[in-house]
Amino acid sequence: MKSLSIPVRVIGPGSQPEEEPLQYLDMPHEMDTFRMPLVPERTDAEALSEARDVLQEFLEALEPWDPLLASPAPMLALTGLSPAARVIVNQMLGDGEVSIKLDGERRAHIVEIVEGAMNSPALLHEITEQIAQRKPPSPAHVINLTLFPLTPEDHRVLEKALPVGPVAIISRGFGNCRITSTLARNVWRVQYFNTMNTLILNTLEIVEAPEVALAAPEDIEDSRERLSELIEWMSESCTA
C-alpha cells in the first residue's frame, strides 16, 4: 500500500491558521485639478478685447444667479464673435471636469426576450414603471447593476431595450464617471471607473439629468472667482 501525503490544517484552540492576505479593489490615486488656461504667446489686441468683453458680459449674468432656485441658468451666444475672438474664448475657458458630446439622431430597436434571459424582463418592467411615474423634481431612481445577477443574454436584452442615445458625458475627478443617455426617456447609464480604468460601479438612473453631471453651488461660486481673475488678466493684457 502506498502512503498518501495529505495536508493537515489544525483548527481549534492554540492553532495558528494561515491568514490569507486581504485583497482591496484599486481605488483612484490621482485627481484632476484646475489648471489656469495656457495663454497664447501672440494675440491680436482687438480680438483679445472682444473676447474679454463677452466673458465680462457672461460674468455679470452669472453673478446674481442662484443654482438652487428654479430660474434658468445664464446663457450667452457666441455666434456673433469674430473667429479670432472665439478661438481666444475657447482657449481661456479650456476643458472642465465635465465634458458633453452630442451625436446624431438614433432610433430604438425591437426588443425580444431571448432564451437565457433571467432578470432583464423584471428590470425592464421596473424601468417602464419608473418612466411612467416620474414627476420632476423627484429624486433619481437608481438601479445598481454592479452586483446584480445578469446573464450574457440579460445584457443583450438591456442593450437592445436601452440603446445608446445621443448624449455622452464624462465627469472627471477621482477617476472618472461616464454618463450615457439611452433612447428611453430619462434613462441614463452611469458608470464609475478608477484611475486604472476599471469599472467599479455600474448603474442605471431614471432622472432628467444625473446628479453627478450637475454643478454644485460651490462649483458655481468657484467659477465666478476664476472667471473674474481671468477677465482681470485679459484686461491687463489689453492695456499692455
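The residue numbers shown here count from 1 along each chain, following its written sequence. Local features in this predicted model are restricted to residues whose pLDDT is 70 or higher, and side-chain atom pairs enter the listing and the counts only when it is 80 or higher, whereas totals over whole chains, interfaces and linings include all residues. For side-chain calculations, the full set of non-hydrogen atoms in the structure is used, while hydrogens and water are omitted.

Enquirer: Mind showing me how you'd approach the overall build of the protein chain here?
Expert: A count of helices and strands for the protein chain gives five helices and six strands. The secondary structure elements of the protein chain, listed N-terminal to C-terminal, are α-α-β-α-β-α-β-β-β-β-α. Between buried and exposed lies partly exposed: a residue is buried under 20% and exposed over 50% of the maximum accessible area for its type, with that area taken using a 1.4 Å probe on protein chains only. A total of 240 residues make up the protein chain; the buried ones form 28% of that total. In what follows, residue pairs with any heavy atoms lying within 4.5 Å of each other are defined as contacts. In the protein chain, the proportion of contacts linking residues at least 24 apart, taken out of those at least 6 apart, comes to 63%. Helix and strand labels come from DSSP, where a helix needs a run of H or I of at least four residues and a strand needs a run of E of at least two; each type is numbered from the N terminus.

Enquirer: Looking at this structure, how should I read the layout of surface pockets?
Expert: Empty space among the atoms can be located by rolling a probe the size of a water molecule over them. Space inside the second largest pocket adds up to approximately 310 Å³. Buriedness of a pocket was judged along seven lines, with at least five required to meet protein on both sides within 12 Å; pockets are open sets of points on a 1 Å grid over the protein atoms alone, cavities are sets where a 1.4 Å probe fits but cannot get out, and lining residues have an atom within 4 Å of a point. Lining the second largest pocket are eleven residues, and of these P67, L68, L214, A215 and P217 sit closest to its centre. Residue polarity follows a fixed list, in which Ala, Val, Leu, Ile, Met, Phe, Trp, Tyr, Cys and Pro are nonpolar, Asp, Glu, Lys and Arg are charged, and the others, Gly among them, are polar. Of the residues assigned to the lining of the second largest pocket, the class counts are nine nonpolar, no polar and two charged. Grid points are joined across faces, edges and corners, and a volume is the space filled by probe spheres set on the points.

Enquirer: Looking at this model, I keep getting lost on helix α3 (residues 120-133). Mind explaining?
Expert: Note: α-helices contain 3.6 residues per turn, so residues at a spacing of three or four share the same orientation. Expected span of a helix: the number of residues minus one, times 1.5 Å. The first and last C-alpha atoms of α3 sit 20 Å apart over 14 residues, in line with the 20 Å expected at 1.5 Å per residue. Buried residues of α3: S120, L123, L124, I127 and I131, and no others. One side of α3 holds all its buried residues, which, seen down the axis, span an arc of 100°. Exposed and facing more than 90 degrees away from the buried side of α3 are A122, A132 and Q133. Taken together, the buried residues of α3 touch β2 (141-144), α4 (152-161), β5 (187-193) and β6 (199-206). The arc in question is formed by the directions pointing from the helix axis toward the C-beta atoms.

Enquirer: When you look at the nonpolar core in this model, what are you seeing that I'm missing?
Expert: Burial of nonpolar side chains together is a common tendency in soluble globular proteins. Of all hydrophobic cores here, the largest spans 16 residues; its most connected members are L123, I127, I143, L145, L162, V187 and L204. Elements with a contribution of two residues or more to this core: α3, α4 and β6. With four residues, α3 is the largest single contributor of residues to this core. Filtering out sequence-adjacent residues up to four positions away, V187 remains in contact with I127, I131, L162, S181, T182, E205 and I206. In these notes, a set of buried Ala, Val, Leu, Ile, Met, Phe, Trp, Tyr and Cys residues joined through side-chain atoms within 4.5 Å is what counts as a nonpolar core.

Enquirer: So what exactly am I meant to see when it comes to the side chain of N194 here?
Expert: Secondary-structure assignment places N194 in the loop between β5 and β6. N194 sits in the buried class, given a relative accessible area of 2%. By the criterion applied in these results, polar contacts are pairs of N or O atoms within 3.5 Å in which, for protein atoms, one can donate a hydrogen and the other can accept it, and in which residues neighboring in sequence qualify only through two side-chain atoms. A distance of 2.9 Å separates a polar side-chain atom of N194 from the backbone nitrogen of T198.

Enquirer: Please explain the packing of aromatic side chains as it appears in this structure.
Expert: Geometry of an aromatic ring pair is reported as the spacing of the ring centres plus the angle between the planes. Two rings from Phe, Tyr or Trp (for Trp, the six-membered ring) form a pair when their centres sit within 6.5 Å of each other. Planes less than 30 degrees apart are called stacked, planes more than 60 degrees apart edge-to-face, and all others tilted. In total, this model carries zero aromatic pairs according to the counting rule given. Two thresholds decide whether a charge sits over a ring: the Lys NZ or Arg CZ must be within 6 Å of the ring centre and within 35 degrees of the ring normal. Looking at R178, its charged tip hangs above the ring of F193, at a distance of 3.9 Å from the centre.

Enquirer: Sorry if this is basic, but what is going on with helix α2 (residues 83-93) here?
Expert: A85, I88, V89 and M92 are the residues of α2 that are buried. Mapping the buried residues of α2 onto a view down its axis gives an arc of 100°, with all of them on the same face. The inward-facing, buried residues of α2 abut α1 (45-62) and α5 (217-239). Among the residues trailing α2, G94 stands out with phi positive, at a value near 65°.

Enquirer: Mind showing me how you'd approach unusual backbone geometry here?
Expert: Keep in mind that most residues, glycine aside, have a negative phi and that most peptide bonds are trans. Put simply, P136 and P137 share a cis peptide bond, and its omega is 5°. For P137, the location among the structural elements is in the loop between α3 and β2. Of note, N186 is a non-glycine position whose phi angle comes to about 65°, a positive value. Within the secondary structure, N186 sits in the loop between β4 (175-182) and β5. Given the relative accessible area of 21%, N186 is considered partly exposed.

Enquirer: How should the environment of L48 be read in this particular structure?
Expert: By the secondary structure assignment, L48 is in helix α1. Here L48 falls in the buried class, since its relative accessible area comes to 7%. L48 sits 186 residues away from M234 along the chain, and the two C-alpha atoms are 7.1 Å apart. Once you skip the residues sitting within four places of it in the chain, L48 turns out to touch T43, I88, M234, S237 and C238.

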